[in-house]
Amino acid sequence: MTDLAIIGAGPAGLSAAIEARRHGLDVLLLDENAAPGGRIWQAIERRTAKDKDDTAAQATVAEFRACGARATFGATVWCIEPDGSVFWSAGGKAEVARAKQVLVATGATERPLPVPGWTLPGVMTAGAAQILLKTSGLVPQGRVWLAGQGPLLLLYAVQALAAGGRLAGVIDLGAAGAQRRALSHLGGALRAPDYLRRGLMWRRKVAKGGVPWIRGRDLRAEGDGRLARIRFTDVHGERTEAADMLLLHDGVMPSVQITRALGCAHRWNTAQRSWAPQTDAWGRTSVANVVVAGDGGGIGGAQAAAISGRIAALGIAATLGRIDDAARDAAASGLWREQAKHLAVRPFLDALFAPLVPAPADDAIVCRCEEITAGRVREAVSLGCLGANQLKAFTRAGMGPCQGRMCSATVCEVIADARGVAVETVEPYRLRFPTKPLTLGELASLHDG
Amino acid sequence: MSLTSVPDGSMLARPDIGTLTFSFDGAPVRARPGDTVAAALLAAGIVTTRTTPVGDRPRGPFCMMGACFDCLAVVDGVGGVQTCLTEVREGMDVQTQHGARVLHD
């Protein structure tokens, strides 16, 4: 039996693996991608370091490669059982390993921004475009629009310009007054001034790059068979612009698919308007032997995620009796101090980029898989539907292959708004394993050994 | 609804078109080693990989991280493949997926 199985090879998972190996744990790390790095450090081994963050990331990945953890890439985890059995598929074959402790480090996913027409080919997320830039060197040309809000939107614009890309414009959908509200959290942000300095530098670079920055609302994507134009309202009124690509973004939220399927208790984070597993200081969840690290436990960014991975590994090493509690606490005290510094900026960022409360137009699709519009959800509520799980019976929303990843947040918001209740009182979709679809052939291959 | 597999201009581009060749709906597409199928298609200006089982509407890569299941295609005869998680290989046969995955014997 393996001491520790880690799901996810981003900053949290890699740092946890390195720390756990220092204490002699036998570590198995599984990740869906072809190489370590997660989203933020994707393809970092193949890229040339551009700044000190890249250099540090490369050092962490190199340390991980040498740390003696077993790693399987291209591995999609689809089930974790209470006895610590972790099931995954890689290359069309399913496998299983048993672990004493499981660390879920599955990071974040982009919050859906369901504008009408967002299902048209040619509409993607800003995160998707950033992955394409990092992994395949794809640079935006032609009429590529960015829309929404959040640090990643800005960062992508800066990275795209630096790579020689052209952007048609940024449509800032952020709420009026968010900047004023954020100012009350400036004190915390100044404890880690690097974040502020960088944010301001990014804004300057986008402005210097000649990219129009437009405050807008009521965005729509239109086209016959693929994106052709966007419509939105700015200070002057309604505008129509030709568009080849539209890249949407409204921040990120914890990826809770696995922790929810495991039955871990979750809490509502009002500032980040999302659910996250409830954990103690060591990342331990309400389910025995299941630990969480990184953005999957609440959005804190890459630096905080790496630190939380190390803290979680120390806790696990103590749980398994490899170090005593005194050694664990001594090693963690400096990490907690450092983490607090990185997290100090969050209230400011959470206020500045407060998630847009989605009030999608009736004709906007909210469930992309089953093609269910916001209007259909509202109609179901008017017929007596009270929650997201009931909505499945009314409409099939959330029952497609993505298993609600793309619509759970929106559906809960639309139901809450239609019923006039707080969104956290609407239970999200109940999740069950397998959390990713698998074929019967894959399942059968488990017995082939 | 007809599918456009010929781009009206590449929106996400790069100078180096790559050394690998695979096919999309029978037409040759160039790719760089390490590309995912979805990335290579987008680099070639192809934004649509499937039509939906529900409304027969075109869809293509959206999240690029395995979450949305919109970039599904038929890869080497296997349907329902997430092209954003599948690395492209020389000679790979990629086809538009029409509606739901078709079961083979």
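Details of the structure are given in the entry above.
Residues numbered from 1 in each chain as written. Chains lettered and ligands numbered in written order. Predicted model: local features only at pLDDT ≥ 70, side-chain atom pairs only at ≥ 80, totals over all residues.

**What to know about the overall build of chain A**
Step number 1: The secondary structure content of chain A amounts to 15 helices and 22 strands.
Step number 2: A globule of 449 residues ought to have a C-alpha radius of gyration of about 22 Å, and chain A, at 22 Å, matches this closely.
Step number 3: Overall, chain A is about 65 × 50 × 40 Å in size when its C-alpha atoms are taken along their principal axes.
Step number 4: Across the 449 residues of chain A, 53% fall into the buried class.
Step number 5: Contacts in chain A between residues at least 24 apart in sequence constitute 68% of all its contacts with a sequence separation of at least 6. (Helix = DSSP H or I, 4+ residues; strand = E, 2+ residues; numbered from the N terminus. Rg over C-alpha atoms; globule rule 2.2 N^0.38 Å. Buried ≥ 20, exposed ≤ 12 C-beta atoms within 10 Å, placed from the backbone. Contact = placed C-beta atoms within 7 Å.)

**Quick look at the overall build of chain B**
Step number 1: What chain B contains, in helices and strands, is one helix and nine strands.
Step number 2: In chain B, the order of α-helices and β-strands from amino to carboxyl end is β-β-β-α-β-β-β-β-β-β.
Step number 3: Within chain B, the fraction of its 105 residues that count as buried is 46%.
Step number 4: Of the contacts made within chain B by residues no fewer than 6 positions apart, 45% connect residues no fewer than 24 positions apart.

**Section: the pairing of strand β19 (residues 274–277) of chain A**
Residues and elements named next belong to chain A.
Step number 1: Residues S274 and A276 of β19 are buried on one face, and the alternating residues W275 and P277, pointing to the opposite face, are buried as well.
Step number 2: Two elements, strand β18 (residues 266–269) and β19, share four bridges in a ladder whose sense is antiparallel. Residue pairing for β19: R267 is matched across the bridge by A276.
Step number 3: Linking β18 to β19, which pair antiparallel, is a turn of four residues; within it R273 sits at a positive phi near 45°. (Pairing = 2+ DSSP bridges.)

**Quick word on helix α4 (residues 151–162) of chain A**
All names here are of chain A.
Step number 1: If you check α4, its first and last C-alpha atoms are 16 Å apart, about what 12 residues at 1.5 Å a residue would give, namely 16 Å.
Step number 2: Burial in α4 covers these residues: L152, L153, L154, Y156, A157 and A160.
Step number 3: Summarising the contacts, the buried residues of α4 are in contact with α3 (126–136), β9 (139–140), β10 (144–149), β11 (169–172), α7 (193–208) and β16 (245–250). (Expected span 1.5 Å × (residues − 1).)

**What to know about the nonpolar core**
Step number 1: Counting 103 residues, the largest nonpolar core has L246(A), V366(A), V377(A) and V411(A) as the members making the most contacts within it.
Step number 2: In terms of residues, this core owes the most to one element, helix α1 (residues 37–43) of chain B, which gives seven residues.
Step number 3: Counting 59 residues, the second-largest nonpolar core is a separate cluster that includes I6(A), I80(A), A99(A) and V290(A). (Core = buried A, V, L, I, M, F, W, Y, C linked by C-beta atoms within 7 Å.)

**Overview of the sheet that holds strand β9 (residues 97–98) of chain B**
Residues and elements named next belong to chain B.
Step number 1: In space, the three strands of this open sheet follow the order β5-β4-β9, with mixed pairing throughout. Edge positions in the sheet fall to β5 (58–59) and β9, since each of these pairs with one other strand and no more.
Step number 2: As judged from the two bridges shared by strand β4 (residues 50–51) and β5, these two strands associate in the antiparallel manner. Considered in β5, the bridge of R50 is made with R59.

**Quick look at the interface of chain B and chain A**
Interface size is often expressed as the accessible area that is lost when the parts come together.
Step number 1: Every contact between the two is made by 37 residues of chain B and, on the other side, 37 residues of chain A.
Step number 2: Looking at the side of chain B that touches chain A, the elements with two or more residues in it are β1 (12–13), α1 and β5 of chain B.
Step number 3: The element that contributes the greatest number of residues to the side of chain B that touches chain A is α1(B), accounting for three residues.
Step number 4: Of the residues contributing to the side of chain B that touches chain A, the split by class is 20 nonpolar, 10 polar and seven charged.
Step number 5: Sheet topology note: the β9(A)/β1(B) ladder contains two bridges and is antiparallel. Bridging from a neighbouring strand, P140(A) pairs with L12(B) of β1(B). (Nonpolar A, V, L, I, M, F, W, Y, C, P; charged D, E, K, R; others polar.)

**Section: helix α1 (residues 11–22) of chain A**
Residue and element names in this part refer to chain A.
Step number 1: Between its terminal C-alpha atoms α1 stretches 17 Å, which fits the 16 Å expected from 12 residues at 1.5 Å a residue.
Step number 2: Along α1, 11 of the 12 residues are buried, which leaves the element largely enclosed by surrounding structure.
Step number 3: Three or more residues of α1 are buried, namely P11, A12, G13, L14, S15, A16, A17, I18, E19, A20 and R21.
Step number 4: Its buried side turned inward, α1 meets β1 (2–7), β2 (27–31), α2 (52–66), β6 (93–104) and α9 (302–319).

**Side note on the sheet that holds strand β15 (residues 237–242) of chain A**
Residues and elements named next belong to chain A.
Step number 1: The strand order β13-β14-β15 describes an open sheet built from three strands, whose pairing is antiparallel. Of all the strands in the sheet, the pair left with one neighbour each is β13 (217–222) and β15. Averaged over all adjacent pairs, the angle separating strand axes in this sheet is 15°, with direction ignored. (Axes fitted to C-alpha atoms, helices over the stretch in contact; angles between N-to-C directions.)

**Here we look at the packing of helix α12 (residues 374–382) of chain A against helix α13 (residues 388–395) of chain A**
Geometry of a packed helix pair, given as the angle between the helix axes and the separation of the axes.
Residues and elements named next belong to chain A.
Step number 1: For the pair α12 and α13, interaxial distance at closest approach is 10 Å and the crossing angle is 105°. Taken together, α12 and α13 sit at an angle that is classed as roughly perpendicular. Where α12 abuts α13, its residues R376, V377 and A380 lie against L391, F394 and T395.
Step number 2: In the contact of α12 with α13, the residues fall into four nonpolar, one polar and one charged. (Parallel < 35°, antiparallel > 145°, perpendicular 65-115°, else oblique.)

**Things to note about the packing of α1(A) against α9(A)**
Residue and element names in this part refer to chain A.
Step number 1: Packing of α1 against α9 brings their axes to within 7 Å, and their N-to-C directions diverge by 35°. Here α1 and α9 pass one another in a crossing that is right-handed. Of the residues in α9, those in contact with P11, A12, G13, S15, A16, E19 and A20 of α1 are A302, A305, A306, S308, G309, R310, A312, A313, L314, I316 and A317.
Step number 2: Per-class residue counts for the contact of α1 with α9 are 12 nonpolar, four polar and two charged. (Left-handed = near helix turned anticlockwise from the far one by under 90°.)

**Description of unusual backbone geometry**
Step number 1: A cis amide bond links F433(A) with the next residue in sequence, P434(A), at an omega value of 0°.
Step number 2: Tracing the chain through its elements places P434(A) in the loop between α14 (408–419) and α15 (440–445).
Step number 3: A positive phi is found at M64(B), a non-glycine position, where the angle reads about 60°.
Step number 4: Note on placement: M64(B) falls in the loop between β5 and β6 (72–75).
Step number 5: Judged by the 28 C-beta atoms lying within 10 Å of it, M64(B) falls in the buried class.
Step number 6: Here the phi dihedral of F69(B) falls at roughly 60°; this positive angle occurs in a residue that is not glycine.
Step number 7: Note that F69(B) resides in the loop between β5 and β6.
Step number 8: Its 23 C-beta neighbours within 10 Å are what place F69(B) among the buried residues.

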